[in-house]
Amino acid sequence: MNQIKRYFLGLVATLFMAIPVHAQDAPPNSLESIAVAQQGATLNVRMTFRDALTAVPPNFSVANPARIAFDLLNTTNGLGKNSQTYKEGDLRSVNIAQAAGKTRVVLNLLKMAAYESHLDGNNLIVSLTPNPGNESTSGVISKVEHFSQAPSLLTSNIIRDIAFRRGKDGEGRIIVNLSDPNAGIDIRQHGKELSAIFLKTNVPDSLRKRLDVTDFATPVVSVDTLQDGANARIKINSHGLWEHNAYQSDGQFVIEVRKVIVDPTKLVQGTRGGYQGEKLSLNFQNVEVRRLLQVIGEFTGMNIVVSDSVSGSITLILKDVPWDQALDIILKQKDLDMRKNGNVILVAPREEFAAKEKLAYEARAQLDDLEPLVTETFTMNYVKGEELRKLMIDPKQSMLSKRGSVLLDSRSNIMIIKDTQKRIEDIRTMLAQIDIPLRQVMIEARIVEAGDSFAKNLGIRLSMGAVELETKKDSNTGNLTYTFKPTDKAFIANNYTGHKGSVNLPATPRASNAGSYALTLFNRGMSRFITAEISALEADGKGKIISSPRVMTSNQNEALIEQGVEIPYQEASSSGATSVSFKKANLSLKVKPQITPDGKVAMILDINKDTPNTSLSTGSGVAIDTKHVKTEVLVDNGGTVVIGGIYTQTTSSNTNRIPLLGDLPYIGWLFKNREWIDDKTELLVFITPRIMAEGLSIR
């Protein structure tokens, strides 16, 4: 019996194990602890979970700033805190963020390191190994960043869209939308070119093209997207001194390229704060400053040239301090300054640098007075020569030297400049930037006037009178003819409508005749009668008027388009004489657009719609109904915005009745007239700007 019982229990357990359990139905796992241990050159980070993981979780790395991230699905944070500081090797700290059933563990590093991850029971072990360094080929340093994922998750991916945006600080942003957020991405820098390689990713034919983004005024010049075998490659071409940063949020991958302003007082150029040099320890008592600078130069491999005027001693104890911070401390303590030129650092007192720079400025000023003059001819294509000439000779901001001169031929728009060679080159560079065609903008306005009118009118007309029957006999045939003859003289005088006992309250329609129904009742002797006439009207009307003025103009130039009539009227002068003047009743659109660097259109709008109102005409002239909108708006290219709207509704109810009789219940309707009016009007103004491509025009 026990064997049979054990057999059935084992069969039931086997059946339950065969039922698939979805990850979303399983209870969440928990991250219990994080431990760090240094083993030689390798730093091991051990993450312990309550339940063993089935596979290495998705992960990626970022080089700037140096980070490694792991996404733990269906896992909660059981540590009780969101951050932990370690400062072991290259590991500074660990951040844990939890949201929507997923926990992200981020390892913050001092510098990027190679890493491997594997599972050991309930533990996930991440081994960090310092990179051997960047390799140099033909004097060009190639920098590589890896956004690597778990190898088992690398599948075919598709780039859905590529967009370029300008940031608020002038940085260029390349935004790539991926169908699969687990794509492997490598970023490589070769000189002025930055390449992003998306592993096992396809690029649609519509996205395989070059984006010329020079007009955005960022360090990025162009973005090329192409298919490189099974991978997708995005090449970013930039100019000047720049730095980049990359990050990913789900399926959106962003590369930022930011301009770097060269600061000769900084050892490491860039916008990232803090010291980034390799750490060192210094412990000196009354050591000469010159000797200490020699030690730093030997440690870093930098060439340090020290001025003869640098002297004195210093005592300092520094432990695990970046070398650039140590050098900065020494310079500040001894009132020294430095200039960096390539791999050479010049150290001297601050006064000495200031004196040398002043002498250099004075030498350049004297060189301008001695340098020979050259003459150059410039032909302007789009800039007005007179405006440019005034700008160049303006004493407050003159681009010419004291000996320079400029002549202008207004007929051919050619400018002849005589100045030093350096000033000529500066003017040529300036003209190349401003002598460009202005972009065109087409602005379309829609003015919609919608009306909905309703009127209901009900009235009645009652009359009563007396007649007598007159009988006539035909002498020839003997036939009798019966004729009713009114006996009320007032009834006869008013053409049978104004006799005694009449109620005259018919319907009073607004625009057309009302329908009526009449009924006449006689007494048995046909000597008296009552006439009742009921008139009623119900009118329902809807109308819509659409005005659509359109105008195209160049960037930052005002344009005006109008259409309508000019109404004449007589105007009296102070002498008593009269003259004929005209007043416009037009539909006009006045606009001044400005294209923003991010592709939007800012507009100053003045829209006017006047309509003659003949119903309010007087002896002095015709009244004009005016609708006017003046505003400033910012609209996306091709977008539509409502800039104004007026909604009016008029309701009224009028009653005319005979006193006392009209207030009687039920039968009071026979002695009164009722009118109901409900009119609605609505005015909306829509604006749609479109930036025109070169060679296109309004049709």
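Quick notes on the rules
- Residues numbered from 1 in each chain as written.
- Predicted model: local features only at pLDDT ≥ 70, side-chain atom pairs only at ≥ 80, totals over all residues.
- Heavy atoms only, no water.
- Core = buried A, V, L, I, M, F, W, Y, C linked by side-chain atoms within 4.5 Å.
- Buried < 20%, exposed > 50% of the residue type's maximum accessible area, 1.4 Å probe, protein only.
- Contact = heavy atoms within 4.5 Å.
- Pairing = 2+ DSSP bridges.
- Helix = DSSP H or I, 4+ residues; strand = E, 2+ residues; numbered from the N terminus.
- Axes fitted to C-alpha atoms, helices over the stretch in contact; angles between N-to-C directions.
- Patch = residues over 30% accessible without salt bridge, like charges linked within 9 Å, V, L, I, M, F, W, Y side chains within 5 Å.
- Areas by Shrake-Rupley, 256 points an atom, 1.4 Å probe, with all protein chains shown as cover.
- Salt bridge = Lys/Arg side-chain N within 4 Å of Asp/Glu carboxyl O.
- Parallel < 35°, antiparallel > 145°, perpendicular 65-115°, else oblique.
- Left-handed = near helix turned anticlockwise from the far one by under 90°.
- Arc of directions from axis to C-beta.
- Expected span 1.5 Å × (residues − 1).

Participant: Explain the nonpolar core here, please?
Facilitator: Soluble globular proteins: nonpolar side chains tend toward being buried together. Counting residues in hydrophobic clusters, the biggest one holds 26 residues, and the most contacted among them are Ile159, Ile174, Val176, Phe198, Val220, Ile236 and Phe253. For Val220, the contacting residues outside a window of four places in its chain are Phe164, Gly172, Ile174, Val213, Ile236, Asn237, Ser238 and Val257.

Participant: Explanation requested: the sheet that holds strand S10 (residues 123–130) in the structure shown.
Facilitator: Each strand in a sheet pairs with its neighbour through backbone hydrogen bonds, running either in the same direction (parallel) or in the opposite one (antiparallel). In spatial order, the strands read S5-S1-S2-S10-S9; together these five strands make up an open sheet with mixed pairing. Edge positions in the sheet fall to strand S5 (75–77) and strand S9 (113–120), since each of these pairs with one other strand and no more. Sheet twist, expressed as the average angle between the axes of neighbouring strands with direction ignored, equals 30°. One ladder, built from eight bridges, connects S9 with S10; its direction is antiparallel. Residue Glu116 lies in a different strand from S10, and its bridge partner there is Ser127.

Participant: Help me out: how do you make sense of a nonpolar patch on the surface in this one?
Facilitator: Taken together, Leu661, Leu664, Tyr666, Ile667 and Leu670 make up a surface patch of nonpolar side chains, about 500 Å² in accessible area. With respect to the secondary-structure elements, Ile667 resides in the loop between strand S41 (641–657) and strand S42 (672–692). Exposure remark for Ile667: the relative accessible area of 46% places this residue in the partly exposed category.

Participant: I keep staring at the packing of helix H2 (residues 289–300) against helix H3 (residues 323–333) and nothing clicks. Help me out?
Facilitator: Two quantities define a packed helix pair, namely the angle between the axes and the distance from one axis to the other. At their nearest, the axes of H2 and H3 sit 11 Å apart, and the two run at 165° to each other. The orientation of H2 relative to H3 falls into the category roughly antiparallel. Two packed elements cross with a definite hand, and for H2 against H3 that hand is left-handed. Side by side, H2 and H3 meet where Val289, Leu292, Leu293, Ile296, Phe299 and Thr300 of the first sit next to Trp323, Leu327 and Ile330 of the second.

Participant: Could you clarify how one ought to interpret helix H5 (residues 385–392) in this entry?
Facilitator: Every α-helix carries 3.6 residues per turn, so stepping three or four residues along brings you back to the same face. Restricting attention to buried positions, one finds in H5 the residues Gly385, Leu388 and Met392. Each buried residue of H5 lies within a common arc of 65° when the element is viewed along its axis, so the set occupies one face. Summarising the geometry of H5, the exposed residues directed more than 90 degrees from the buried face are Glu387 and Lys390. Where H5 is buried, its residues contact strand S29 (405–409), strand S30 (414–420) and helix H6 (421–434).

Participant: Explain the environment of Ile197 to me, please; I cannot follow it from the model alone.
Facilitator: Tracing the backbone through its elements, the reader meets Ile197 in strand S16 (residues 193–198). The spatial distance from the C-alpha of Ile197 to the C-alpha of Arg233 is 4.6 Å, given a sequence separation of 36 residues.

Participant: So what exactly am I meant to see when it comes to unusual backbone geometry here?
Facilitator: Across residues other than glycine, the phi torsion is negative in most instances, and most of the peptide bonds are trans. One non-glycine residue, Lys200, adopts positive backbone phi at about 50°. For Lys200, the location among the structural elements is in the loop between S16 and strand S17 (201–202). Judged by its relative accessible area of 45%, Lys200 is partly exposed.

Participant: Please clarify how H2 should be interpreted in this entry.
Facilitator: The first and last C-alpha atoms of H2 sit 17 Å apart over 12 residues, in line with the 16 Å expected at 1.5 Å per residue. Along H2, the residues that are buried comprise Val289, Leu292, Leu293, Ile296 and Gly297. For H2, the angular spread of the buried residues around the axis is 140°, confining them to a single face. Of the residues trailing H2, Gly301 is marked for its positive phi of about 80°.

Participant: Can you walk me through the pattern of salt bridges in this structure?
Facilitator: A side chain with one charge can pair with a side chain of the opposite charge if their charged atoms come near. Following the criterion strictly, the structure yields 27 salt bridges and no others. In this structure, Lys332 engages Asp328 in a salt bridge whose closest nitrogen and oxygen atoms are separated by 3.5 Å. Separated by four residues within a single helix, Lys332 and Asp328 lie in helix H3, roughly one turn from each other. The exposure class assigned to Lys332 is exposed, which follows from its relative accessible area of 56%. Since its relative accessible area comes to 24%, Asp328 is described here as partly exposed. As a salt-bridge pair, Glu444 and Arg690 come within 3.6 Å of each other at their nearest N and O atoms. Note that Glu444 is positioned in strand S31 (residues 440–473) and Arg690 in strand S42, a separation of 246 residues in sequence.

Participant: Help me out: how do you make sense of the sheet that holds S17 in this one?
Facilitator: Spatially, the five strands line up as an open sheet ordered S17-S13-S14-S22-S21, and their pairing is mixed. Across the chains shown, the open sheet's two edge strands, defined by having one partner strand only, are S17 and strand S21 (242–249). Where strand S14 (residues 172–178) and strand S22 (residues 252–259) come together, six bridges link them in antiparallel fashion. Opposite Val176, over in S22, you have Phe253 as the bridge partner.

Everything listed here is a matter of coordinates, which is why it stays silent on function.
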